[in-house]
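Overview (structure and organization)
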Amino acid sequence: MSHHALRQLLALHWLPATSPLLSPPLLDWLLEEDSMTRRFEQHCQQVTVELIRESFITADEMAPEAEFLPADDRFWLREIVLCGDGEPWLIGRTVVPESTLNGPEQMLQNLGTRPLGRYLFASSTLSRDFIDPGQVDDLWGRRSRLRLSGKPLLLTELFLPASPLYRALNQG
């Protein structure tokens, strides 16, 4: 499941926030400024992380994301599935330039099964440059460049079919 979902995440087609495909209930989820982990916790008893991959990659391995990050020799890659009560709700891919990983930001390499949102949104130095909504097949996703102490990282998320985002759309 995860490899297919990762291919879908990498195939997201990016849309302007003004696209007629994006309804207000959908934008409410896709343009969420706060932690998606926190938002998911409102819809389940427990949010957990299944780690797919954590490792350094070269610039060649992250070609589509390169335009959003400074040039660097290596990048820390973290790919995860975020689950609500054991059900896969979101697949996430975080790409961090090695130059970002100094000082307290080194912690990004040691998150393990801890949700990224718990770490990022506990930081008073967090800022966000943009959120791009995207679509692939019948699924929605988003891409966001965040900064910790001014140092960038790129987070791409794909909402899987069981995600509460789709329940919200079906109710609206």
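Residues numbered from 1 in each chain as written. Predicted model: local features only at pLDDT ≥ 70, side-chain atom pairs only at ≥ 80, totals over all residues. Heavy atoms only, no water.

Stated precisely, the cut-off is as follows: UniProt positions are given in the numbering used here, feature names are shortened, and annotations may be inferred rather than shown by experiment.
The protein chain is annotated in an unreviewed UniProt entry as Chorismate pyruvate-lyase of Candidatus Pantoea communis. A UniProt comment under Function (unreviewed entry) is attached to the protein chain, and it reads "Removes the pyruvyl group from chorismate, with concomitant aromatization of the ring, to provide 4-hydroxybenzoate (4HB) for the ubiquinone pathway."

Some words on the sheet that holds strand 3 (residues 74-84)
So the rule is basically this: At least two DSSP bridges between two strands are required for those strands to pair. Runs of E in the DSSP output that reach at least two residues are strands. Runs of H or I that reach at least four are helices, and both are numbered from the N terminus. Contact criterion: two residues are considered in contact whenever any of their non-hydrogen atoms come within 4.5 Å of each other. Helix axes are fitted to C-alpha atoms over the stretch in contact, other axes to C-alpha atoms as well, and angles between N-to-C directions run from 0 to 180 degrees.
Reading across from one edge, 1-5-6-7-4-3-2 is the order of the seven strands in this open sheet, with antiparallel pairing throughout. Taken across any chain shown, the strands that pair with only one partner, and hence form the sheet edges, are strand 1 (13-14) and strand 2 (47-58). The sheet contact formed by strand 5 (residues 126-136) and strand 6 (residues 139-148) spans ten bridges and is antiparallel. Bridging from a neighbouring strand, Q135 pairs with W140 of strand 6. Contacting strand 4 (87-97), strand 6 and strand 7 (151-159), helix 5 (residues 164-171) crosses the sheet at an angle of about 125° to strand 6.

Considerations on empty space enclosed by the protein
Test applied: Cavity and pocket criteria rest on a 1 Å grid covering protein atoms alone: a 1.4 Å probe that fits but cannot get out defines a cavity, protein on both sides within 12 Å along at least 5 of 7 lines defines an open pocket, and an atom within 4 Å of a point defines a lining residue. Grid points are joined across faces, edges and corners, and a volume is the space filled by probe spheres set on the points. Think of it as three bins: nonpolar holds Ala, Val, Leu, Ile, Met, Phe, Trp, Tyr, Cys and Pro, charged holds Asp, Glu, Lys and Arg, and polar takes everything else, Gly as well.
Scanning the entire structure with this criterion turns up one cavity of 30 Å³ or more. Roughly 200 Å³ of internal volume is contained in the largest cavity. Forming the walls of the largest cavity are 20 residues, and the residues nearest its centre are T37, L116, G117, L155 and E157. Considering only residue class, the lining of the largest cavity consists of eleven nonpolar, five polar and four charged.

Details of the UniProt feature "binding site: substrate" (unreviewed entry) in the protein chain
Operational definition: Burial classification: accessible surface area is computed with a 1.4 Å probe over protein chains only, and a residue below 20% of its type maximum counts as buried, one above 50% as exposed, and the rest as partly exposed.
Feature annotation in UniProt places "binding site: substrate" (unreviewed entry) on M36, R78, L116 and E157, given in this structure's numbering. In the annotated group above, the largest cavity draws its lining from M36, R78, L116 and E157. Among the structural elements, R78 can be located in strand 3. Look at R78 and you get buried, because its relative accessible area is 3%.

Some details on the nonpolar core
As a reminder, the rule being used: The criterion is simple. A nonpolar core is a set of buried Ala, Val, Leu, Ile, Met, Phe, Trp, Tyr and Cys residues joined through side-chain atoms within 4.5 Å.
In this structure, F40, I91, W140, L158, F159 and L165 are the most contacted members of the largest nonpolar core, which totals 30 residues. By size, the runner-up hydrophobic cluster in this structure holds twelve residues, among which are V96, L111, L146 and L153.

A look at the state of the cysteines
Condition: When the sulfur atoms of two cysteines come within 2.5 Å, that pair is taken as a disulfide.
Under the criterion given, the structure shown has zero disulfides. With no disulfide of its own, C44 lies 9.6 Å from the sulfur of C83, the closest cysteine sulfur. Taking the relative accessible area as the measure of exposure, C44 reaches 11% and is therefore buried. According to the relative accessible area criterion, C83 is buried, its value standing at 0%.

Thoughts on the pairing of strand 7
Counting buried residues in strand 7 gives nine out of nine residues, a clear majority hidden from the surface. The alternating pattern of strand 7 places K151, L153, L155, E157 and F159 on one face and P152, L154, T156 and L158 on the opposite face, and all of these are buried. Where strand 4 lies against strand 7, six bridges are found, and the strand directions are antiparallel. Bridging from a neighbouring strand, L90 pairs with F159 of strand 7. Two elements, strand 6 and strand 7, share eight bridges in a ladder whose sense is antiparallel. Bridge pairing links R143 to T156 in strand 7. A loop of two residues connects strand 6 with strand 7, the two strands running antiparallel in sequence, and S149 in this loop sits at a positive phi of about 50°.

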